[in-house]
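Spelled out from the first residue to the last, the chains are:
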Amino acid sequence: VREHQDEVKESLRRRGMHLDVAALLSADEKRRALIKEGDDLRARHNELSKSIASAVGDERQEKIIQSKELKKHLGVLEASAQQAEEEFAALLHQLPNMTDPEAPDGTSEKDNKVLREVGEKPAFDFEPRDHLAIGTALDILDFERGAKVAGSGFYYLKNEGVLLELALVRFAIDFLRERGFIPVLTPDLAHKKFYLGTGYLPR
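In this text the structure is predicted, and so the values were computed from the model without any measurement.

Participant: Could you clarify how one ought to interpret the environment of His18 in this entry?
Facilitator: Positionally, His18 belongs in the loop between α1 (5-15) and α2 (21-52). Take His18: its relative accessible area is 71%, and that puts it in the exposed class. Along the backbone, His18 and Arg42 are 24 residues apart, and their C-alpha atoms lie at a distance of 39 Å.

Participant: I keep staring at the pattern of salt bridges and nothing clicks. Help me out?
Facilitator: For the coordinates displayed, the defined rule picks out 17 salt bridges. The salt bridge involving Lys63 is made with Glu59; its shortest N-O contact spans 3.5 Å. Of this pair, Lys63 and Glu59 both sit in helix α3 (residues 57-92), four residues apart, which is roughly one turn of the helix. According to the relative accessible area criterion, Lys63 is buried, its value standing at 19%. A salt bridge links Arg170 to Asp174, with the nearest nitrogen and oxygen atoms 2.9 Å apart.

Participant: Sorry if this is basic, but what is going on with the environment of Ile64 here?
Facilitator: Looking at where Ile64 falls in the secondary structure, it is placed in helix α3. In this structure the C-alpha to C-alpha distance between Ile64 and Ile52, which are 12 residues apart in sequence, comes to 6.9 Å.

Participant: Could you clarify how one ought to interpret the packing of α2 against α3 in this entry?
Facilitator: The geometry of a pair of packed helices is captured by two quantities: the angle between their axes and the separation between those axes. At their nearest, the axes of α2 and α3 sit 8 Å apart, and the two run at 160° to each other. Here α2 lies roughly antiparallel to α3, going by the angle between them. Note that α2 runs across α3; the crossing there is left-handed. Here the residues of the contact of α2 with α3 sort into 17 nonpolar, eight polar and 12 charged.

Participant: Sorry if this is basic, but what is going on with the packing of aromatic side chains here?
Facilitator: Describing an aromatic ring pair means giving the distance of the ring centres and the angle of the ring planes. Counted by the stated rule, this structure contains three aromatic pairs. Judged by centre distance (5.6 Å) and plane angle (55°), the ring pair of Phe143 and Tyr155 falls under tilted. Placement of the pair is Phe143 in helix α5 (residues 143-150) and Tyr155 in the loop between α5 and β2 (156-157), with a sequence separation of 12 residues. Look at Phe143 and you get partly exposed, because its relative accessible area is 27%. You can call Tyr155 partly exposed: its relative accessible area is 45%.

Participant: Explanation requested: the layout of surface pockets in the structure shown.
Facilitator: Take a probe with the size of a water molecule and roll it over the atoms, and the empty space left behind shows itself. Put simply, the largest pocket is a space of about 330 Å³. Along the walls of the largest pocket sit Gln82, Glu85, Glu86, Phe88, Ala89, Leu92, His93, Lys192, Lys193 and Leu196, which together make up its complete lining. Where the lining of the largest pocket is concerned, the elements lending two or more residues are α3 and α7 (192-197). Counting residues per element, the lining of the largest pocket draws most heavily on α3, which supplies six residues. Residues belonging to the lining of the largest pocket are distributed by class as follows: four nonpolar, two polar and four charged.

Participant: Honestly, the nonpolar core in this entry has me stumped. Any pointers?
Facilitator: It is characteristic of soluble globular proteins that their nonpolar side chains tend to be buried jointly. One finds Leu34, Leu41, Leu48, Leu70, Leu74, Leu77, Ala81 and Ala84 forming the largest nonpolar core, which totals eight residues. Of all the secondary structure elements, the ones that give two or more residues to this core are α2 and α3. The biggest single contributor to this core is α3, with five residues. Counting residues in hydrophobic clusters, the runner-up holds five residues, among them Val8, Leu12, Val21 and Leu25.

Participant: Help me out: how do you make sense of the side chain of Arg31 in this one?
Facilitator: Examined against the element boundaries, Arg31 turns out to sit in helix α2. With relative accessibility at 15%, the residue Arg31 sits in the buried group.

Participant: Explain α1 to me, please; I cannot follow it from the model alone.
Facilitator: Count 3.6 residues to each turn of an α-helix, and residues three or four apart come out pointing the same way. Taken together, the buried positions of α1 are occupied by Val8, Ser11, Leu12 and Arg14. Relative to the axis of α1, the buried residues are bounded by an arc of 160° and lie together on one face. Taken from the residues just after α1, Gly16 is the one with a positive phi, measuring 75°.

The rules we used
- Residues numbered from 1 in each chain as written.
- Predicted model: local features only at pLDDT ≥ 70, side-chain atom pairs only at ≥ 80, totals over all residues.
- Heavy atoms only, no water.
- Helix = DSSP H or I, 4+ residues; strand = E, 2+ residues; numbered from the N terminus.
- Buried < 20%, exposed > 50% of the residue type's maximum accessible area, 1.4 Å probe, protein only.
- Salt bridge = Lys/Arg side-chain N within 4 Å of Asp/Glu carboxyl O.
- Axes fitted to C-alpha atoms, helices over the stretch in contact; angles between N-to-C directions.
- Parallel < 35°, antiparallel > 145°, perpendicular 65-115°, else oblique.
- Left-handed = near helix turned anticlockwise from the far one by under 90°.
- Nonpolar A, V, L, I, M, F, W, Y, C, P; charged D, E, K, R; others polar.
- Phe/Tyr/Trp six-rings, centres within 6.5 Å; stacked < 30°, edge-to-face > 60°.
- 1 Å grid on protein atoms, 1.4 Å probe; cavity = no way out; pocket = protein on both sides within 12 Å on 5 of 7 lines; lining within 4 Å.
- Points joined across faces, edges and corners; volume = space filled by probe spheres on them.
- Core = buried A, V, L, I, M, F, W, Y, C linked by side-chain atoms within 4.5 Å.
- Arc of directions from axis to C-beta.

Shown next as structure tokens:
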């Protein structure tokens, strides 16, 4: 974003989105300045702590007082840096991926364009229903409960819908095992920022 501000702004415009890029960059600059200031202060505190061991008398006492003051100041600085980091992250998380130059401008799927059609469309002697209507009628999709939990557009899989998804997972595993793949379940550990970036709320 720092090196390609104009491209980022153009990408946002093409998506029909608004994000204050200047505010994002300002938050980034503030965050980096506080990090550097904190690192410098930490280095000074470490040097002072080492020098206390060889100091004696009033000089030692004075250095101890200075060390405490630096540590206190460092605590305030770290709190400011944490706040600046959170403000920066909140803005950064609003920034979408860059648009592909060949993708059409727009704000919804209605703005998409058809590149090609493959095969012939079947002709029905009845009014066909889409997968949403079929899934609801078969009681394998529950949009109402899904929307309550996760928002509009989300759904619960139910009954045979669950069995179908698990069957597809099992089919994929069997397919891979036949080709030498060894299935392994591992612990899920990741930094907070990666969980946030992939849409999971970290614990």
